[in-house]
Amino acid sequence: MIVFSFLCQTLKGSFKRKIELFRTEEDNFLRKNKMSPKSKKLFNIIMLGVAFMFMFTAFQTCGNVAQTVITNLNNTNFHGSGYTSMAIIYGVFSASNLISPSVVAVVGPQLSMFVSGLFYSIYIAVFIQPFTWSFYTASVFIGIAAAVIWTAQGNCLTINSDENTIGRNSGIFWALLQSSLFFGNLYIYFAWRGKTHISESDRRTVFIALTVLSLVGTFLFFLIRKPEESNTLEEEVSSTDESIVDNSSVQSKATRAVDAFKRSIKLYFTKEILLLSVTTAYTGLELTFFSGVYGTCIGAVNRFGTEEKSLIGLSGIFIGIGEILGGGFFGLVNKDNRFGRNPVVMLGIVVHFVAFYLIFYNIPNDAPIASFEGTDNSAYMNPSKELAIFCSFLLGLGDSCFNTQLLSILGFLYSEDSAPAFAVFKFVQSICAAVAFFYSNYLLLQWQLLIMAVVGFFGTISFFTVEWEAAAFVARGSDYRSI
């Protein structure tokens, strides 16, 4: 993480003049078009979402097909596992969240997201010509980058929102982010349609295109600007503009980093975060399932015929459709807070329970751990392509229910110091995702579904508890804010 911070500082100097010239041109454009402070904040949210959409079109598509690509490699010297790589990523991700607020506090959210994006691009590029050592080394670095980019994202989302717009902005961001599942997997569906084996040429073409997309998203972070109106702590400690460094000049960068670390540690042990951690743990488990395991299961079912590989892409498309519809709809619903967040979370768990039952009924138990040849087994019915794809949609819709409401409640409860709150959120989510990717190498489908159902039930109850007390929590102020 020290190396990551040093790299950020080095790049900050290298890009400084170019960024200043670019910002001068952008300021002139904004003045000519008389963009209001509220419009500017909304513009920042949209650009944040678009940048993540490009980056995660590449990364989520990569994660969805990684295990399938690896099992089709002709290179016998390669002995990597997509599941193991994801376990490393999320394991390092979880540990790095302990100090990612310090990095964001020192170098600012914009530069943090840019440098992290470069590491995402490197990881995807590894698949163009994969070697075991480079594959797992890149997995470690992207784990660090993931912690930084998601902490910076939460910071950027919060400083461009208030208590009246945090729900809407969370929905807009989530819908744009999850559009990545649609575009990337649509390409996979048509590129691999009718193929039972992924050739070297197919693999290289796909991953060169994904690397370029990731780099485009990375450079789009430079379009995000500092809001004109805000009193949040993050603006004082995390902007990359020299003009606002003076606001916190009494503190050295080292002191700010230590303070951010201390706030993160204290936040871990608050009642609200402990309760929300159960909900967050569930999102980590189901993230692993829909982003890595379920696509592999579909691709392993030989009874789907010659379309089994292209169905992986189609599954990702319908997960994305569920995510986009959920994020967009719940963003609009959050304009009216009369009903709170609980009904949306309740809808999410019901949708997921239905999906788990249908998957259990449709997909063979040994599908997650099937060999290169796939599985000829069946579950309690002849495997149905249509039902499998419908379950993909349900998984995406349910995931959007949980994540939009978690983003909303964290931004509401910790609006004055969001970076540590989002770091804790990602710490818990990533460590559970790492555990899930690890056991996905060994557990049959039925046990993976049972684990998610149990954790999901208790996660829903814990979220309800926090939501019922949220207004009182903000009204009285928390002990955490008195640091």
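As a starting point, this report considers the structure included with it. (Residues numbered from 1 in each chain as written. Predicted model: local features only at pLDDT ≥ 70, side-chain atom pairs only at ≥ 80, totals over all residues. Heavy atoms only, no water.)

### With respect to the overall build of the protein
Step number 1: A count of helical and extended segments in the protein gives 16 helices and zero strands.
Step number 2: Across the 483 residues of the protein, 59% fall into the buried class.
Step number 3: If you sum the accessible surface of the protein, you get close to 19100 Å²; carbon and sulfur atoms cover 66% of it. (Helix = DSSP H or I, 4+ residues; strand = E, 2+ residues; numbered from the N terminus. Buried < 20%, exposed > 50% of the residue type's maximum accessible area, 1.4 Å probe, protein only. Areas by Shrake-Rupley, 256 points an atom, 1.4 Å probe, with all protein chains shown as cover.)

### A short note on helix α4 (residues 100-107)
Counting along an α-helix, one turn takes 3.6 residues, and residues three or four places apart therefore face a common direction.
Step number 1: By the criterion of burial, α4 is predominantly enclosed, with eight of the eight residues buried.
Step number 2: Along α4, the positions that sit buried rather than exposed are Ser 100, Pro 101, Ser 102, Val 103, Val 104, Ala 105, Val 106 and Val 107.
Step number 3: Gly 108 sits one or two positions beyond α4 and adopts a positive phi of about 90°.

### Concerning the pattern of salt bridges
Step number 1: By the definition in use, this model includes two salt bridges.
Step number 2: Across the salt bridge formed by Glu 469 and Lys 271, the nearest N and O atoms sit 3.2 Å from each other. One end of the pair, Glu 469, is in helix α16 (residues 445-476); the other, Lys 271, is in helix α11 (residues 271-300), and 198 residues separate them in sequence.
Step number 3: Judged by its relative accessible area of 33%, Glu 469 falls in the partly exposed class.
Step number 4: Taking the relative accessible area as the measure of exposure, Lys 271 reaches 47% and is therefore partly exposed.
Step number 5: Of the charged contacts, one joins Arg 341 and Glu 467 as a salt bridge, the two residues approaching to 2.9 Å between their closest N and O atoms. Here Arg 341 is found in the loop between α12 (310-333) and α13 (342-362), whereas its partner Glu 467 is found in helix α16, with 126 residues between them in sequence. (Salt bridge = Lys/Arg side-chain N within 4 Å of Asp/Glu carboxyl O.)

### Examining empty space enclosed by the protein
Step number 1: All told, the structure shown has ten cavities of 30 Å³ or more when counted by the stated rule.
Step number 2: Counted as a void, the largest cavity has a volume near 330 Å³.
Step number 3: Taken together, 26 residues form the lining of the largest cavity, with Phe 56, Gln 60, Tyr 90, Trp 150 and Leu 287 sitting closest to its centre.
Step number 4: Those elements that place two or more of their residues in the lining of the largest cavity are α2 (37-71), α3 (82-96), α6 (132-159), α7 (166-191), α11, α14 (385-413) and α15 (418-439).
Step number 5: In terms of residue class, the lining of the largest cavity is made up of 15 nonpolar, nine polar and two charged. (1 Å grid on protein atoms, 1.4 Å probe; cavity = no way out; pocket = protein on both sides within 12 Å on 5 of 7 lines; lining within 4 Å. Points joined across faces, edges and corners; volume = space filled by probe spheres on them. Nonpolar A, V, L, I, M, F, W, Y, C, P; charged D, E, K, R; others polar.)

### Examining the packing of aromatic side chains
Step number 1: Counted by the stated rule, this structure contains 29 aromatic pairs.
Step number 2: Ring geometry for Tyr 357 and Tyr 361: centres 6.0 Å apart, planes at 20°, overall stacked. Taken together, the positions of Tyr 357 and Tyr 361, both in helix α13 and four residues apart, correspond to about one turn of that helix.
Step number 3: Linked through ring pairs, Phe 52, Phe 56, Phe 59, Tyr 120, Tyr 123, Phe 127, Phe 135, Tyr 136, Trp 150, Phe 173, Phe 207 and Phe 221 together constitute an aromatic cluster.
Step number 4: When the ring centre of Trp 150 is taken as reference, the NZ or CZ atom of Lys 426 above it lies at 4.0 Å. (Phe/Tyr/Trp six-rings, centres within 6.5 Å; stacked < 30°, edge-to-face > 60°. Lys NZ or Arg CZ within 6 Å of the ring centre and 35° of its normal.)

### Concerning the environment of Ser 170
Step number 1: Counting through the fold element by element, Ser 170 comes out in helix α7.
Step number 2: A relative accessible area of 0% means that Ser 170 is categorised as buried.
Step number 3: The spatial distance from the C-alpha of Ser 170 to the C-alpha of Ser 408 is 6.1 Å, given a sequence separation of 238 residues.
Step number 4: Contacts of Ser 170, omitting those with residues within four sequence positions, involve Leu 157, Thr 404, Leu 407 and Ser 408. (Contact = heavy atoms within 4.5 Å.)

### Structural notes on α13
Step number 1: For α13, which comprises 21 residues, the first-to-last C-alpha distance of 30 Å matches the rise-based estimate of 30 Å (1.5 Å per residue) to within 8%.
Step number 2: The set of residues buried in α13 consists of Asn 342, Val 344, Val 345, Gly 348, Ile 349, Val 351, His 352, Ala 355, Phe 356, Leu 358, Ile 359 and Asn 362. (Expected span 1.5 Å × (residues − 1).)

### A word on the packing of α3 against α15
Step number 1: At a minimum axis separation of 7 Å, α3 and α15 run at an interaxial angle of 155°. By the criterion of interaxial angle, the relationship of α3 to α15 is roughly antiparallel. With respect to the hand of their crossing, α3 and α15 are arranged in left-handed fashion. In contact with Tyr 83, Met 86, Ala 87, Tyr 90, Gly 91, Phe 93, Ser 94 and Ala 95 of α3, α15 contributes Lys 426, Phe 427, Ser 430, Ile 431, Ala 433, Ala 434, Phe 437 and Phe 438.
Step number 2: Classifying every residue of the contact of α3 with α15 by side-chain character gives twelve nonpolar, three polar and one charged. (Axes fitted to C-alpha atoms, helices over the stretch in contact; angles between N-to-C directions. Parallel < 35°, antiparallel > 145°, perpendicular 65-115°, else oblique. Left-handed = near helix turned anticlockwise from the far one by under 90°.)

### Brief notes about the environment of Ser 392
Step number 1: Here Ser 392 is to be found in helix α14.
Step number 2: Residues Ser 392 and Ser 315, spaced 77 residues apart in sequence, show a C-alpha to C-alpha distance of 5.5 Å.
Step number 3: Excluding its chain neighbours within four sequence positions, the residues that come into contact with Ser 392 are Tyr 294, Ile 298, Ser 315, Phe 318 and Ile 319.

### Some remarks on a nonpolar patch on the surface
Step number 1: Judged by side-chain polarity, Val 278, Phe 353, Trp 447, Leu 450, Val 454, Phe 457, Phe 458 and Ile 461 come together as a nonpolar surface patch covering roughly 730 Å² of accessible area.
Step number 2: Per-element tally for the nonpolar patch: the top contributor is α16, with six residues.
Step number 3: By the secondary structure assignment, Leu 450 is in helix α16.
Step number 4: Note on Leu 450: relative accessible area 45%, which makes it partly exposed. (Patch = residues over 30% accessible without salt bridge, like charges linked within 9 Å, V, L, I, M, F, W, Y side chains within 5 Å.)

### Observations regarding the nonpolar core
Step number 1: Counting 127 residues, the largest nonpolar core has Phe 52, Tyr 120, Tyr 123, Trp 150 and Ile 363 as the members making the most contacts within it.
Step number 2: Among residues more than four places away in sequence, those in contact with Phe 52 are Thr 57, Met 113, Ile 149, Trp 150, Gln 153, Phe 173, Leu 177 and Phe 221. (Core = buried A, V, L, I, M, F, W, Y, C linked by side-chain atoms within 4.5 Å.)

### Considering the packing of α11 against α13
Step number 1: Taken N-terminus to C-terminus, the directions of α11 and α13 make an angle of 40°; their axes are 14 Å apart at the nearest point. In terms of orientation, α11 and α13 fall into the oblique class. Both α11 and α13 take part in a crossing whose hand is left-handed. Between α11, through Tyr 282, Glu 286, Phe 289 and Tyr 294, and α13, the contact on the second element is made entirely by Ile 349, His 352, Phe 356 and Ile 359.

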